[in-house]
Amino acid sequence: MREIQEESDWISPEIEREVAEGLGIPVTRVQSVVQFYSFLYDKPPGRYRILFSDNITDRMLGSSALLEHMLKRLKLRRGQTSPDGAVSVDLTSCTGMCDQGPAILVNNFAVTRLTPRRIDEICELIRIGAPVAEWSSDFFRVDDNIRRSETLLTHLEPGVALDAAIACGRQGMLDEIKRSKLRGRGGAGFPTGTKLEGARNAPGAEKYIVCNADEGEPGTFKDRVLLNSYAVRVLEGMAIAGFAVGSTKGFVYLRGEYRHLLDKLQAEIELMREERRLGTAIRGCAGFDFDIEIHMGAGGYICGEGTALVESLEGKPGRPRVRPPSMVQVGYLGKPTIVDNVETLAHISEIAVEGGASFAKRGTHTSTGTKLISISGDCERPGVYEYRFGVTVSRVLEDCGARAVTAVQIGGASGVCLTPDEFSRRIAFEDVSTAGAFMIFGPDRDLFDAAHNFAHFFAHESCGFCTPCRVGTAIQRNIMDKIAEGRGSRYEVNDLMRLADFMKKNSHCGLGETAGNAVRDTLNKFRPAFERRLHARDFVPAIDLETALEPARRITGRDDADAHLVTEA
Ligand SMILES: Cc1cc2nc3c(=O)[nH]c(=O)nc-3n(C[C@H](O)[C@H](O)[C@H](O)COP(=O)(O)O)c2cc1C
Ligand code: SF4
């Protein structure tokens, strides 16, 4: 569908019918896919599709004022397409450019470091109808911003890791990964060797290795840097994982927001095939066959969840599966599948070269190796930092030039909010476990704004499959809106706490389980930020029921006394 849309700009009803006929499936199934993904359009968007990244860090850099400025210049309202069909402007969830924001996507390509002047230039290019391909390449410059490296963010000669794995043998390589005590870097920290062994021992000859490059957690962008500058480590890591498991096929599931990386990665894969680092008999080793395909996502944070990602890879809406069975047994197309984070796979190359025991010497006893951290917000040097596990939060803050810090949101919107009295804690699975994001808030920031932004994020990104999350995230957002508007009371505050607890206990997947974290943490640690907004002493209904009944009265043609809640005295 993405490829069709690249040609036709949107998916018309005729296209939906043709696709359904071609695949021999009901048209409703095609429609359900188009409607699920934010970047698939069933109505024509503007020829220039502008999406403002709406993470709190973009807002802290002034994105709201820039959005207003652009709407004014283009004489548009947010979410509207101009009458001539030229341009549409809207918001989208974090685009993974927090170290160089505010950022937008123009026809899926990232434009960074927005300023009022840059907005004016873009508006002028739109006015004269300049094709996006002809815009200055400086608009689309995405920097790595690597500020600190240890072992992973270093050059690795192509083929060296593959040769080392071949020398080690399939079982030997698996043993080295287990010996390294490598744990998944996507958030959950599951032992990678155990996972690979599970897939290796699962029945069947067809198995898959999937690189999870969805990186949708707000504030996280370290996988973007790995894929841009250290793709050799990631792609060879996939091949080595395939070698250990007995898999011949891999996929990179690349988030739609990273469209700018696609051609470069495709070229890297092509080069690997030419140099026999992919394909059959890799590096001349008979029986070592492996190839990689890139699958582009189409907008949807939930598609980073392993089972939802595999659903999406199969061409369906990305909704999490019911487990068990685990993906290691029944994954892509019902076959044993490994879904690993980009950083985890890059570490596999490292382990192949230096051996598991040497790798395990870095970090702590239960969190071995290094960790990449994406740093944004109020600091002098935002970017990607590599540390050995066990580093303290205060050391990281010092290195990036963060002063007088009020709070750090670690692990994105679904993570934890730490205050200065907790900065001696360590980044490690046994202490502060994180997929790798630090969003820093200085003394002038209002933490309510961050929690409010995250509440909107979760309500927008909930896939709608289970009621606790679908309804819970919507109620949470509405309550936060109400409090922001000054109509909240202590009743709402209590409701927010109950809601966070309810979603955590009853949701089907990690999105719903963590959707209340930020609001709950902010309430616990920054209660005054809420209290000063609670102007109502008693409960005020969030909606005016009398007004809400108006459409029903119109449809039924009734306007008698019984059709009103409040009757004249
Ligand atoms: C809502 C949600 C979003 C997720 N997004 C990502 C993601 O973007 N990248 C990622 O590697 N893991 C993500 N995960 C974790 C994956 O489900 C999975 O645990 C991970 O890809 C496994 O790889 P690892 O063992 O290398 O950590 C997400 C989980 C949830 C619940
Ligand atoms: S918790 Fe949310 S995202 Fe996960 S399945 Fe339920 S509705 Fe979907």
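Bear in mind that the values here come from a model prediction, so they are computed numbers and not experimental data.

A. Representation of the overall build of the protein chain in the model. Across its full length, the protein chain holds 24 helices and 14 strands. In terms of overall size, the protein chain behaves like a compact globule, its C-alpha atoms giving a radius of gyration of 25 Å where 569 residues would be expected to give roughly 25 Å. Overall, the protein chain is about 90 × 60 × 50 Å in size when its C-alpha atoms are taken along their principal axes. Restricting to contacts in the protein chain with at least 6 residues of sequence separation, those with at least 24 account for 71%. Only carbon and sulfur atoms are counted for the fraction: they give 51% of the accessible area of the protein chain, which is about 24,000 Å². Positive and negative charge centroids in the protein chain, built from 71 and 79 side chains respectively, lie 3 Å apart.

B. View of the site of ligand 1. Near ligand 1, the surroundings consist of 18 residues, among which G186, K195, G306, N341 and T344 are the closest. Measuring from an oxygen atom of ligand 1, one finds a backbone N or O atom of R185 at 3.3 Å. In this structure, an oxygen atom belonging to ligand 1 sits 2.9 Å away from a side-chain N or O atom of N212. When contributions to the shell around ligand 1 are tallied by element, the ones reaching two or more residues are β9 (337-341) and α20 (510-514). If you tally residues by element for the shell around ligand 1, the top one is β9, at three residues. Of the residues contributing to the shell around ligand 1, the split by class is three nonpolar, nine polar and six charged.

C. Representation of the packing of helix α19 (residues 490-506) against helix α21 (residues 517-525). Two elements in contact, α19 and α21, have axes whose closest approach is 9 Å; the angle formed by their N-to-C orientations is 140°. One finds that α19 runs oblique with respect to α21. Crossing angle aside, the handedness with which α19 passes α21 is left-handed. Contacts between α19 and α21 involve V493, L496, M497, A500 and K504 on the former and, on the latter, N517, V519, R520, L523 and N524.

D. Focus on the site of ligand 2. Ligand 2 sits among 13 residues. The nearest are C463, F465, C466, C469 and C509. In terms of residue class, the shell around ligand 2 is built from eight nonpolar, five polar and no charged.

E. Broad picture of unusual backbone geometry. Cis geometry marks the peptide bond from G101 to P102, where omega comes out at -5°. Note that P102 resides in the loop between β2 (87-92) and β3 (104-106). In this model, N145 sits at a positive phi of 55°, which is unusual for a non-glycine residue. Looking at where N145 falls in the secondary structure, it is placed in the loop between α6 (116-127) and β5 (146-148). The phi angle at A404 is positive, at roughly 45°, despite the residue not being glycine. Topologically, A404 is positioned in the loop between α16 (393-399) and β12 (407-410). A residue is classified by how much of its surface remains accessible, and A404, at 57% relative accessible area, is exposed.

F. How the structure looks around the packing of aromatic side chains. By the definition in use, this model includes 15 aromatic pairs. What links up through ring pairs into an aromatic cluster is the set Y48, W135, F139 and F140. The residue whose ring lies beneath R255 is Y258, and the NZ or CZ to ring-centre distance is 5.2 Å. Above the plane of the ring of Y491 lies R490, whose end atom (NZ or CZ) is 5.1 Å from the centre.

G. Highlighting the sheet that holds strand β10 (residues 370-377). Within the open sheet, the six strands sit side by side as β5-β11-β10-β14-β12-β13. Their pairing is mixed. The sheet terminates laterally at β5 and β13 (416-418), the two strands that pair on one side only. Strand-to-strand, the axes of this sheet are offset by a mean angle of 30°, without reference to chain direction. The pairing of β5 with strand β11 (residues 383-388) spans two bridges and is parallel. The residue bridging R148 from the neighbouring strand is Y385, located in β11.

H. Looking closely at helix α9 (residues 192-201). Along α9, the positions that sit buried rather than exposed are T192, G193, K195, L196 and A199. In a view along the axis of α9, the buried residues occupy a sector of 160°, so they form one face of it. Buried residues belonging to α9 abut α8 (170-180), α11 (231-245), β9 and α14 (342-354).

I. Main features of the side chain of S82. Relative to the helices and strands, S82 is located in the loop between α5 (63-74) and β2. Within polar-contact distance, the side chain of S82 engages the side chain of D84 at 2.6 Å. Polar side-chain contacts of S82 include one of 3.1 Å to the backbone nitrogen of A86.

J. A look at the sheet that holds β2. What the four strands build is an open sheet, ordered β2-β1-β3-β4; its pairing is mixed. At either end of the open sheet lies a strand with only one pairing partner, and these are β2 and β4 (109-111). Going across the sheet, the axis of each strand differs from the next one's by a mean of 25°, ignoring polarity. Pairing between strand β1 (residues 48-53) and β2: six bridges, direction parallel. When the bridges of β2 are listed, R49 appears paired with S88. Along the sheet, α6 makes contact with β1, β2, β3 and β4, crossing β1 at roughly 160°.

K. Quick look at the domain arrangement of the protein chain. On domain assignment, one finds that the protein chain holds domain 1 (36-143), domain 2 (147-361) and domain 3 (447-531). Each of domain 1 and domain 2 was reduced to a C-alpha centroid, and the two centroids are 32 Å apart. In this assembly, 18 residues from domain 1 lie in contact with 21 residues from domain 2. Between domain 1 and domain 2, roughly 1,600 Å² of surface is buried when both sides are summed, and carbon and sulfur atoms account for 61% of that area. Looking at the side of domain 1 facing domain 2, the largest losses of area belong to F36, Y37 and F39, adding up to 36% of the total buried there. Counting across the interface, domain 1 meets domain 2 through one salt bridge.

L. Just the pattern of salt bridges, in detail. In total, this model carries 57 salt bridges according to the counting rule given. Note that K222 is salt-bridged to E343, the shortest N-O span being 2.8 Å. Of the two residues, K222 is situated in helix α10 (residues 222-229) and E343 in helix α14; the sequence distance between them amounts to 121 residues. Judged by its relative accessible area of 0%, E343 falls in the buried class. Here E293 ties to K249 by a salt bridge, and the two come within 2.6 Å at their closest N and O atoms.

Thresholds, definitions, all that
- Residues numbered from 1 in each chain as written.
- Chains lettered and ligands numbered in written order.
- Predicted model: local features only at pLDDT ≥ 70, side-chain atom pairs only at ≥ 80, totals over all residues.
- Heavy atoms only, no water.
- Helix = DSSP H or I, 4+ residues; strand = E, 2+ residues; numbered from the N terminus.
- Rg over C-alpha atoms; globule rule 2.2 N^0.38 Å.
- Contact = heavy atoms within 4.5 Å.
- Areas by Shrake-Rupley, 256 points an atom, 1.4 Å probe, with all protein chains shown as cover.
- Lys, Arg positive; Asp, Glu negative; His and termini not counted.
- Charge placed at Lys NZ, Arg CZ, Asp CG, Glu CD.
- Near = heavy atom within 4 Å.
- Polar contact = N/O pair within 3.5 Å; in protein donor to acceptor, adjacent residues only side chain to side chain.
- Nonpolar A, V, L, I, M, F, W, Y, C, P; charged D, E, K, R; others polar.
- Axes fitted to C-alpha atoms, helices over the stretch in contact; angles between N-to-C directions.
- Parallel < 35°, antiparallel > 145°, perpendicular 65-115°, else oblique.
- Left-handed = near helix turned anticlockwise from the far one by under 90°.
- Buried < 20%, exposed > 50% of the residue type's maximum accessible area, 1.4 Å probe, protein only.
- Phe/Tyr/Trp six-rings, centres within 6.5 Å; stacked < 30°, edge-to-face > 60°.
- Lys NZ or Arg CZ within 6 Å of the ring centre and 35° of its normal.
- Pairing = 2+ DSSP bridges.
- Arc of directions from axis to C-beta.
- Domains from an automatic or database assignment.
- Buried area = accessible area lost by both parts, 1.4 Å probe.
- Salt bridge = Lys/Arg side-chain N within 4 Å of Asp/Glu carboxyl O.

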